[in-house]
Amino acid sequence: MRVLVVEDHAALADGIARSLRQSGYAVDVIADGEEADDILRTQEYGLVVLDLNLPKLDGLEILRRLRHRGAESAVLILTARSDIEDRVKGLDLGADDYLAKPFELVELEARVRALMRRHAGTHNTQIKCGKLTFDTVARRVMIEDQDIEIPRRELNILEILLLRVGHVLSKEQISDQLAGFEDDISANAVELYISRLRKRVETAGVKIQTVRGLGYLLKKT
């Protein structure tokens, strides 16, 4: 899934980004409040990790504008402020959760996973379809309790499809969720990943179907 980290403390932002990328997320990092607001007007993210104390535009105002536009991205606010009023205001403006600095990255990762599950409409850490089970915490795929080795890109595509079982996703939608600013994943690359993934899950009782002119959908066979 695609994540935007809005944090002006460079070392912290880098640590968060590296941690989330290792967990399979496509991560962009912005340190400027106004730039973050501009990006959120045109780009769609599954999650925004949002510091409140930002240069040029406060995090609470970014959040207010985001929800005013009707955006449904999950928002995790970060704050070093001790005043509970800021946390309450953030939640009332539409934040999904908050984390007070300093924090451990393992806790942030756990909160991110929980928010992603919530926005996918599930509280289960395992996604099941046919004979296939995907463990979103361990990043592990099993077919009838047999572990299946799947490279990172294909694993991320599988997760995207599993979270939208029965729904058609275009190549652009898939590549947008796989890639950050610094990545360039072409439609041809998506086709190649899908082709390889089909072969890996062909015994799992699921099928990745091509819907001509529209994209792909995952369904049980």
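Since the structure is predicted, the reported quantities are computational estimates derived from the model, not experimental observations.

**Considering the domain arrangement of the chain**
Argument step 1. The domains assigned to the chain are domain 1 (2–120) and domain 2 (126–220).
Argument step 2. Taken over C-alpha atoms, the centre of domain 1 sits 26 Å from the centre of domain 2.
Argument step 3. Facing eleven residues of domain 1, the contacting portion of domain 2 comprises eleven residues.
Argument step 4. In total, domain 1 and domain 2 occlude about 940 Å² of area from one another, counting both sides; carbon and sulfur atoms represent 55% of this.
Argument step 5. Remark: the boundary between domain 1 and domain 2 carries zero salt bridges.
Argument step 6. For the interface between domain 1 and domain 2, the tally reads two residue pairs in polar contact (both at pLDDT 80 or more).

**Brief notes about the pairing of strand β3 (residues 47–51)**
Argument step 1. By the criterion of burial, β3 is predominantly enclosed, with five of the five residues buried.
Argument step 2. Here β3 shows no split at all, with Leu47, Val49 and Asp51 on one side and Val48 and Leu50 on the other all buried.
Argument step 3. Taken together, the four bridges between strand β1 (residues 2–6) and β3 define a ladder with parallel strand orientation. Bridge assignment links Leu4 to a residue of β3, and that residue is Val48.
Argument step 4. Summarising the sheet, β3 and strand β4 (residues 74–79) pair through five bridges and their orientation is parallel. Within β4, the residue paired with Val48 across the bridge is Val75.

**Looking at the pairing of strand β7 (residues 132–135)**
Argument step 1. Of the two faces of β7, the one holding Leu132 and Phe134 and the one holding Thr133 and Asp135 are both buried throughout.
Argument step 2. Relative to β7, strand β6 (residues 126–129) runs antiparallel, the two sharing four bridges. The residue bridging Gln126 from the neighbouring strand is Asp135, located in β7.
Argument step 3. Counting the residues that bridge the hairpin from β6 to β7 gives two residues, and of these Gly130 lies at a positive phi of roughly 60°.
Argument step 4. Looking at chain direction, β7 and strand β8 (residues 140–143) are connected through four bridges and run antiparallel. Bridge pairing links Asp135 to Arg140 in β8.
Argument step 5. Between β7 and β8, which pair antiparallel and follow one another directly, the connecting turn spans four residues, one of which, Arg139, has a positive phi of 55°.

Rules behind the numbers
- Residues numbered from 1 in each chain as written.
- Predicted model: local features only at pLDDT ≥ 70, side-chain atom pairs only at ≥ 80, totals over all residues.
- Heavy atoms only, no water.
- Domains from an automatic or database assignment.
- Contact = heavy atoms within 4.5 Å.
- Buried area = accessible area lost by both parts, 1.4 Å probe.
- Salt bridge = Lys/Arg side-chain N within 4 Å of Asp/Glu carboxyl O.
- Polar contact = N/O pair within 3.5 Å; in protein donor to acceptor, adjacent residues only side chain to side chain.
- Buried < 20%, exposed > 50% of the residue type's maximum accessible area, 1.4 Å probe, protein only.
- Helix = DSSP H or I, 4+ residues; strand = E, 2+ residues; numbered from the N terminus.
- Pairing = 2+ DSSP bridges.

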